[in-house]
Amino acid sequence: MADRVTVIGWDGSPLTAAARSALSAATLVAGAAHHLALPEVPPTAERIRLGSLGLAARRIAGHRGTAVVFADGDPGFFGAVRILRAPEHGLEVEVVPAVSAVAAAFARAGMPWDDAQIVVAHPRTLRRAVNVCRAHGKVAVLTSPGAGPAELALLLGGVHRTFVICEELGTAGEQVTVLTSDRVADHSWRDPNVVIVIGGQAAAPAPATSAAPSATAADPAWLLGQSAAHSGPRGWARSAADAAEGESALLRAAQLARLGPRTGDLVWDIGTGSGALAVEAAAFGAAVIAVDADPRACERATAAARNRGVQVQVVAGRAPHVLEDLPEPDVVRVGGGGAAVARAVADRRPERIVSHASTRDEAEAIGRALTEGGYTVECALLQSVGLDTRTWSEQDRSVVFLLAAERPVNR
């Protein structure tokens, strides 16, 4: 095992005294080509050009001597330190930090970032990173080959955002470009790059023509990534004054509990009605597409999202036909359309589906469609009675069948 391993963060600034001291004693240096070309790297040291950090860690673990690993930005922030310290490698490391690529990108843009979401995009996680960009008004994306600005923009589709693309930060080739998302795929982008994705009804104003957008004053944040949805009234599935007739807060609570929407998910709310469930799902951090054939329902859902300070994409159209062009969902509520819509949703293979029915025959039809689609289905009869606490007399009664379907893990 290496006698000593030092991880040096690099942001383009001159190396610190601690970094130079570690390098001078190094017998092995690992890093990208621009790191290994630094004049401070000892000419006698073994050099490893980083591709897979896991493979490099195994080489370092077997090295007899002193090793230095270079990493762009802060190596402790979505960086090399986590991999090197993994139990399978058993490496104890010393860290010389630098400014993270995310901090540098927001500094170039002249924007605060304590209210931003931060995600890493790889080809296997790109869809979830895009969903975070759908759901939040300010997101920093640490990209990778095959999951860069063009791929992000293409998957966002008709969701309008502004991209601040920071290429090769800290190098002579550094460039910051501001474009609307519909124009990003028309360009080629150099790695490494960081993308700031901003926009939507709850976001700060986007830059117009300059690479240095102006910041806006906001209430002081106390939690990294805090959004307006987290500062609203406490609780969820509350009775809403604007809820559509027949909608029950208790039914909505049960449906949300079965769906479990979370950051990185895409939720379809089909037959959104007042938009109450769509807004609640968005407040949990999920991206949400609310669908309804009634233009007035679409207007109510848009207003509800605006009032709550969350991002919801509202699509006017009748299911199941309108669903054909929508991106793949993770969880779905079928609030209208019955068995035909449930069957069409099952064909898209979301992880979970919930629906409800007012009669047993309707519940059986929906349950049969979901079972035939390969889902495990449970059904429960929910009954609630509201009481007027002034007189303790019955105020309203709701009886409904709740259906919850889950896709088996191996399908």
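Residues numbered from 1 in each chain as written. Predicted model: local features only at pLDDT ≥ 70, side-chain atom pairs only at ≥ 80, totals over all residues. Heavy atoms only, no water.

Next up on the list: the environment of Gly338. Position of Gly338 among the secondary structure elements: in helix H12 (residues 338–346). Residues Gly338 and Gly367 lie 29 residues apart in sequence; the distance between their C-alpha atoms is 9.9 Å. (Helix = DSSP H or I, 4+ residues; strand = E, 2+ residues; numbered from the N terminus.)

On to the nonpolar core. Trp268, Ile270, Leu323, Val345 and Ile353 are the most contacted members of the largest nonpolar core, which totals 27 residues. Elements represented by at least two residues in this core include exactly strand S11 (266–270), strand S12 (287–292), strand S14 (331–334), H12, strand S15 (352–357), helix H13 (360–372) and strand S17 (393–406). Broken down by element, this core gets its largest block of residues, four residues, from H12. If we ignore the near neighbours within four places in the chain, the residues touching Trp268 are Ile289, Leu323, Leu326, Pro327, Pro329, Val331, Val332, Arg333 and Arg348. (Core = buried A, V, L, I, M, F, W, Y, C linked by side-chain atoms within 4.5 Å. Buried < 20%, exposed > 50% of the residue type's maximum accessible area, 1.4 Å probe, protein only. Contact = heavy atoms within 4.5 Å.)

Let us now look at the sheet that holds strand S16 (residues 376–388). In any sheet, the strands associate via hydrogen bonds between backbone groups, in a parallel or an antiparallel arrangement. As summarised here, the arrangement of the seven strands in space is S13-S12-S11-S14-S15-S17-S16, forming an open sheet in which the pairing is mixed. Single-partner strands in this sheet number two, and they are strand S13 (313–316) and S16. For this sheet, the mean inter-axis angle between neighbouring strands, taken without regard to orientation, is 20 degrees. Bridge analysis of S15 against S17 gives six bridges, and the strand direction is antiparallel. If you follow His356 over to S17, its bridge partner there is Leu402. Against the sheet, H12 contacts S11, S14 and S15, and its axis sits at roughly 170 degrees relative to S14. Those strands touched by H13 are S15, S16 and S17, and its axis lies near 160 degrees from that of S15. (Pairing = 2+ DSSP bridges. Axes fitted to C-alpha atoms, helices over the stretch in contact; angles between N-to-C directions.)

Let us now look at the packing of aromatic side chains. Under the defined criterion, the tally for this structure stands at two aromatic pairs. With a centroid separation of 5.2 Å and an interplanar angle of 75 degrees, the aromatic rings of Phe77 and Phe78 are classed as edge-to-face. Measuring from ring centre to ring centre gives 6.1 Å for Phe106 and Trp113, while their planes differ by 10 degrees; the resulting arrangement is stacked. Using a relative accessible area of 27% as the deciding quantity, one classes Trp113 as partly exposed. (Phe/Tyr/Trp six-rings, centres within 6.5 Å; stacked < 30°, edge-to-face > 60°.)

This part takes up the packing of helix H6 (residues 126–135) against helix H7 (residues 149–156). The contact between H6 and H7 brings their axes to 10 Å, and the two run at 65 degrees. Considering only the axes of H6 and H7, their crossing is right-handed. Where H6 abuts H7, its residues Leu126, Arg127, Val130, Cys133 and Arg134 lie against Glu151, Leu152, Leu155 and Leu156. Residues that form the contact of H6 with H7 fall into these classes: six nonpolar, no polar and three charged. (Left-handed = near helix turned anticlockwise from the far one by under 90°. Nonpolar A, V, L, I, M, F, W, Y, C, P; charged D, E, K, R; others polar.)

The next thing to look at is the sheet that holds strand S6 (residues 117–120). With mixed pairing, the five strands of this open sheet are ordered in space as S6-S7-S10-S8-S9. Whereas interior strands pair on both sides, the edge strands pair on one side only; in this sheet they are S6 and strand S9 (175–180). If you compare each strand with its neighbour and ignore which way they point, the axes differ by 20 degrees on average. The pairing of strand S8 (residues 162–167) with strand S10 (residues 193–198) spans six bridges and is classified as antiparallel. Paired with Val164 across the bridge in S10 is Ile196. Sheet strands in contact with H7 are strand S7 (138–142), S8 and S10, and its direction is about 165 degrees off that of S8.

What follows concerns the confidence of the model for the chain. Across the chain, the average pLDDT comes to 90, with 91% of residues at or above 70. Confidence over residues 203–218 falls short of pLDDT 50; this stretch has 23 contacts with residues more than four positions distant or in other chains. (pLDDT = per-residue confidence, 0-100.)

Looking now at unusual backbone geometry. Residue Pro192 is reached from Asp191 by a cis peptide bond, and omega for that bond is -5 degrees. By secondary structure assignment, the location of Pro192 is in the loop between helix H8 (181–184) and S10. In this chain, Ala319 is followed by Pro320 through a cis amide linkage whose omega measures 10 degrees. On the secondary structure map, Pro320 appears in the loop between S13 and S14. Not every positive phi belongs to a glycine, and Trp392 is a case in point at roughly 55 degrees. Position of Trp392 relative to the elements: it lies in the loop between S16 and S17. When its relative accessible area of 59% is taken as the criterion, Trp392 is described as exposed.

A full pass over the atoms with the stated rule returns 20 salt bridges. Between Arg108 and Glu174 there is a salt bridge; the shortest N-O distance is 2.7 Å. Of the two residues, Arg108 is situated in helix H5 (residues 101–109) and Glu174 in the loop between S8 and S9; the sequence distance between them amounts to 66 residues. With relative accessibility at 29%, the residue Glu174 sits in the partly exposed group. Salt-bridge contacts for Asp330 lead to Arg127; the nearest nitrogen and oxygen are separated by 2.5 Å. Of this pair, Asp330 sits in the loop between S13 and S14 while Arg127 is found in helix H6, placing the two residues 203 residues apart along the sequence. (Salt bridge = Lys/Arg side-chain N within 4 Å of Asp/Glu carboxyl O.)

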